[in-house]
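Listed below, chain by chain, are the residues.
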Amino acid sequence: KFSNMGETTKYFASFNDVSGISVGSDIKLAGVNVGKVLQLKLDSNNFTAEMVLGINRKIKIPNDSEIIITSEGLLGGNYVSISPGGSDVFLEPNENFSFTQSSLSLNNLIQKFFGK
């Protein structure tokens, strides 16, 4: 529970890479803070990062929404962004996000851009 968020609902997501994200990182929807990352752990069977998210319970999230690790510009910190889908069915508490996009490292982007 976060003082300025009211009650939260837990959701889960799996990522290939959560670089730049830690417990307490912001979760935003349309640029507005709607929650925090509650837990990160490695799934040693799949070698994926498992994230537990605490999101304001008043916010209903379409079940086809994508969750993306992104940054606030070149020098800004990373945060988790929800890109809402168009479904009429909403995620239930403790449900997994089906669509995730891992963090892109700046070095990887530069290497892709310059073809190194």
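Quick caveat, the model's predicted, so the values are computed rather than measured.

Asks: Mind showing me how you'd approach the pattern of salt bridges here?
Replies: Pairing of side chains with opposite charge becomes possible as their charged atoms draw close. The final tally for this structure, using the stated rule, is two salt bridges. The partner of Asp 26 in a salt bridge is Lys 36, with the nearest N and O atoms 2.5 Å apart. Of this pair, Asp 26 sits in strand β2 (residues 26–29) while Lys 36 sits in strand β3 (residues 32–43), and the two are 10 residues apart along the sequence.

Asks: Would you mind showing me how to read the environment of Ser 83 here?
Replies: With respect to the helices, strands and loops of the structure, Ser 83 is situated in strand β6 (residues 78–83). Exposure remark for Ser 83: the relative accessible area of 32% places this residue in the partly exposed category. Distance in space between the C-alpha atoms of Ser 83 and Pro 62 is 9.5 Å, their sequence separation being 21 residues. In this structure Ser 83 touches Ser 65, Glu 66 and Ile 68, once residues within four positions along its chain are discounted.

Asks: I would appreciate a short explanation of the side chain of Asn 56 in the present structure.
Replies: On the secondary structure map, Asn 56 appears in strand β4 (residues 48–56). A distance of 2.8 Å separates a polar side-chain atom of Asn 56 from the backbone nitrogen of Lys 58.

Asks: Got a minute to help me understand the environment of Ser 87 in this structure?
Replies: Relative to the helices and strands, Ser 87 is located in the loop between β6 and β7 (99–101). Sequence separation between Ser 87 and Asp 64 is 23 residues, and the spatial gap between their C-alpha atoms is 6.0 Å. Setting aside anything within four residues of it in sequence, one finds Ser 87 in contact with Pro 62, Asn 63 and Asp 64. Reaching out from Ser 87, the side chain makes a polar contact with the backbone nitrogen of Val 89 at a distance of 2.9 Å.

Asks: Explanation requested: the sheet that holds strand β1 (residues 8–15) in the structure shown.
Replies: Strands belonging to one sheet form pairs held by backbone hydrogen bonds; the direction of such a pair is parallel or antiparallel. The mixed open sheet is built from seven strands, whose spatial order is β1-β4-β3-β2-β6-β5-β7. Of all the strands in the sheet, just β1 and β7 have a single pairing partner and so form its edges. Ignoring strand direction, the axes of neighbouring strands in this sheet form an average angle of 30 degrees.

Asks: I'm lost on the pairing of β3 in this one. Help?
Replies: Working note: regular strand, side chains alternate between the two faces of the sheet. Two elements, β2 and β3, share four bridges in a ladder whose sense is antiparallel. In the strand pairing of β3, Leu 29 is matched with Val 32. Connecting the antiparallel pair β2 and β3 is a turn made up of two residues, with Ala 30 showing a positive phi of about 55 degrees. Pairing of β3 with β4, which is carried by eight bridges, proceeds in the antiparallel orientation.

Asks: Any chance you could explain unusual backbone geometry here in plain terms?
Replies: Only a minority of non-glycine residues have a phi that is not negative, and only a minority of peptide bonds are not trans. Phi at Ala 30 takes a positive value of approximately 55 degrees, unusual for a residue other than glycine. Within the secondary structure layout, Ala 30 lies in the loop between β2 and β3. Positioned with a positive phi, Asn 94 is a non-glycine residue whose angle comes to about 70 degrees. By secondary structure assignment, the location of Asn 94 is in the loop between β6 and β7.

So, how was this worked out
Residues numbered from 1 in each chain as written. Predicted model: local features only at pLDDT ≥ 70, side-chain atom pairs only at ≥ 80, totals over all residues. Heavy atoms only, no water. Salt bridge = Lys/Arg side-chain N within 4 Å of Asp/Glu carboxyl O. Helix = DSSP H or I, 4+ residues; strand = E, 2+ residues; numbered from the N terminus. Buried < 20%, exposed > 50% of the residue type's maximum accessible area, 1.4 Å probe, protein only. Contact = heavy atoms within 4.5 Å. Polar contact = N/O pair within 3.5 Å; in protein donor to acceptor, adjacent residues only side chain to side chain. Pairing = 2+ DSSP bridges. Axes fitted to C-alpha atoms, helices over the stretch in contact; angles between N-to-C directions.

That is the geometry; function is a separate question.
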